[in-house]
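One-letter residues, chain by chain:
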Amino acid sequence: GATKDMGKMLGGDEEKDPDAAKKEEERQEALRQQEEERKAKYAKMEAEREVMRQGIRDKYGIKKKEEKEAEAQAALEANAEGSLTRPKKAIPPGCGEEEEEEEESILDTVIKYLPGPLQDMFKK
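Residues numbered from 1 in each chain as written. Predicted model: local features only at pLDDT ≥ 70, side-chain atom pairs only at ≥ 80, totals over all residues. Heavy atoms only, no water.

- As annotated in an unreviewed UniProt entry, the protein is Complexin-1 from Alectura lathami.
- Quoted straight from UniProt, the Sequence similarities (unreviewed entry) entry for the protein says "Belongs to the complexin/synaphin family."
- Its UniProt record, at the heading Subunit (unreviewed entry), says of the protein: "Binds to the SNARE core complex containing SNAP25, VAMP2 and STX1A." (UniProt positions renumbered as here; feature names shortened; annotations may be inferred.)

### Structural notes on the side chain of Arg 57
Argument step 1. Secondary-structure assignment places Arg 57 in helix H2 (residues 20-60).
Argument step 2. On the basis of relative accessible area, Arg 57 is assigned to the buried category, the value being 13%.
Argument step 3. In this structure the side chain of Arg 57 is engaged in a polar contact, spanning 2.6 Å, whose partner is the side chain of Gln 54.
Argument step 4. Every residue in contact with Arg 57, bar those within four places of it in the chain, is listed here: Glu 50, Ile 62, Lys 63 and Lys 64. (Helix = DSSP H or I, 4+ residues; strand = E, 2+ residues; numbered from the N terminus. Buried < 20%, exposed > 50% of the residue type's maximum accessible area, 1.4 Å probe, protein only. Polar contact = N/O pair within 3.5 Å; in protein donor to acceptor, adjacent residues only side chain to side chain. Contact = heavy atoms within 4.5 Å.)

### Things to note about the pattern of salt bridges
Argument step 1. For the structure on display, the rule yields nine salt bridges.
Argument step 2. One salt bridge connects Glu 46 with Arg 53, and the closest N-O pair in it is separated by 2.9 Å.
Argument step 3. Glu 46 sits in the partly exposed class, given a relative accessible area of 35%.
Argument step 4. Exposure remark for Arg 53: the relative accessible area of 34% places this residue in the partly exposed category.
Argument step 5. Lys 64 is the salt-bridge partner of Glu 50, the closest N and O atoms lying 3.6 Å from each other. In this pair, Glu 50 sits in helix H2 while Lys 64 sits in the loop between H2 and helix H3 (65-80), placing the two residues 14 residues apart along the sequence.
Argument step 6. Ionic contacts of the salt-bridge type, sharing partners, join the residues Glu 46, Arg 49, Glu 50, Arg 53, Arg 57 and Lys 64 into one network. (Salt bridge = Lys/Arg side-chain N within 4 Å of Asp/Glu carboxyl O.)

As C-alpha cells, then:
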C-alpha cells in the first residue's frame, strides 16, 4: 500500500476530484461575499457614528478639523490679498472707549440676579 501513496506524492496518476475546482471557486466566492458584507457593516456603523458626531458638533458649535483648516486658510488668503505685510490682528468687538459702559451693564445684570439683601449692599 505504501508504493501507491508514494506514487501520488511524486505526482503520479492521482485520483482527481472532478468537483475540486468548482468547490474551490465556491469557497473563494463565499470568502469574497463575507468580506463585502463585513465592509458594508463597518461602513454602515461608521456612517451612524458620523451622524452622531455631527449632532454633537452642531449642539456645541464645534467644527471639524478639516473645516477649521479650510476656514483659517481662506481667512489668511483674504487678508493677504494686496498686502505684503503679515495679517493684521482683528480687534474684537467691545474694545475701545465704550468699555466702561459695557462693564456697568454687566454689573447691573449680575446685581439683578442676586438675592434682595445683597442687591441692597451693591446699590448703596
